[in-house]
Amino acid sequence: MKKLIAALMASAMLVSLLSGCVRIPKNTAGPSTSDNTRVSSPSPSNAKSPSDGYSAYMDMKGDAIDRISNSVSSDDPESLGVAMTLVGYSMMDMSMLWLTAFTQDAAVAQSALAMMGVKDVKVTGSGNNYSITYSDSDGKAVTQTCQYDPAKDQLTSTLKDADGTVTMFFEYINLGGAYAAQYYYPDENGTYQVIRSFFDKDNIAAFGTLTATAEPDSIIGKSSLNEDFVVNSESYIIFKDGELTTFDQGGE
């Protein structure tokens, strides 16, 4: 299964415009070869901008999804459900694509986005706060803001439509060799759809989805999260120590 679907391909294109170096996603169908190697993203220790931090986060998330997808059998009917769930967790990053534009040089980012056909682009950055405004397909303004702490490698980003309504909220924290992340957005029922994840470099990959009646508490500043962060009464997947556990609507 292709890792992070179109999100990574679009990210790679944008990163290449911003940095001048192409980052090639590896082929997840099997072991890497000389034809599918990629340039490593900046490590959390030297990330200076949201673009750096988000790229490192995406790398580790992609590897975590690889481990799950490689653990299931294509002959198992239940594996199709797992694969489709993983696609959903990957596609969440499509709405956060413009985080790759939040570099330390707003002018370069703005030019790169304009080259990709994004209209009415305005990128600003001051300290650890960044903002991008652009026009959607209907000509309406869309705003994405970002707060990034390079010392702790933790990030929050909010996407708003022309009316100022939050359409997506995203945050991640670096836990030293692992990440915890949370996405949520309002639905038509007045509740929130929440997507949570926890993954480390080579062992744990955990993702969960739930419905909340109110905005969930922020994870920024927390330091003791683990794979239990994704556990809920609706749906989650945990891959740890080579063992895959799936839970959906009361059944494991």
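Attention here is on the structure that accompanies the text.

1. Comments concerning the sheet that holds strand β9 (residues 235-240)
Move 1: Read from one edge to the other, the open sheet built from 10 strands follows the order β1-β2-β3-β4-β5-β6-β7-β8-β9-β10, with strand pairing classed as antiparallel. Looking at which strands have only one partner, the edges of the open sheet turn out to be β1 (119-126) and β10 (243-248). Averaged over all pairs of adjacent strands, the angle between their axes in this sheet comes to 10 degrees, without regard to strand direction.
Move 2: Of the pairings in the sheet, the one linking β1 to strand β2 (residues 129-135) comprises six bridges and is antiparallel in character. Paired with G125 across the bridge in β2 is Y130.
Move 3: Its contacts with the sheet put helix α2 (residues 50-71) on β2, β3 (141-149), β4 (154-160), β5 (166-174), β6 (178-186), β7 (192-200), β8 (205-212), β9 and β10, and the angle it makes with β6 is roughly 95 degrees.

2. Comments concerning the environment of P216
Move 1: Secondary-structure assignment places P216 in the loop between β8 and β9.
Move 2: Assessed through its relative accessible area of 15%, P216 is described here as buried.
Move 3: In the structure, P216 is positioned 32 residues away from Y184 in sequence and 8.2 Å away in space, judged by C-alpha atoms.
Move 4: The contacts of P216, once residues within four sequence positions are left out, are Q182, Y184, V194 and R196.

3. A few points about the pairing of β9
Move 1: Most of β9 sits inside the fold, with five of its six residues counted as buried.
Move 2: Direction of pairing for β8 relative to β9: antiparallel, over a ladder of five bridges. Within β9, the position partnered with F207 by the bridge is I237.
Move 3: One ladder, built from six bridges, connects β9 with β10; its direction is antiparallel. Looking at β10, one finds that S235 is bridged to D248.
Move 4: Connecting the antiparallel pair β9 and β10 is a turn made up of two residues, with D241 showing a positive phi of about 55 degrees.

Rules behind the numbers
Residues numbered from 1 in each chain as written. Predicted model: local features only at pLDDT ≥ 70, side-chain atom pairs only at ≥ 80, totals over all residues. Heavy atoms only, no water. Pairing = 2+ DSSP bridges. Helix = DSSP H or I, 4+ residues; strand = E, 2+ residues; numbered from the N terminus. Axes fitted to C-alpha atoms, helices over the stretch in contact; angles between N-to-C directions. Contact = heavy atoms within 4.5 Å. Buried < 20%, exposed > 50% of the residue type's maximum accessible area, 1.4 Å probe, protein only.

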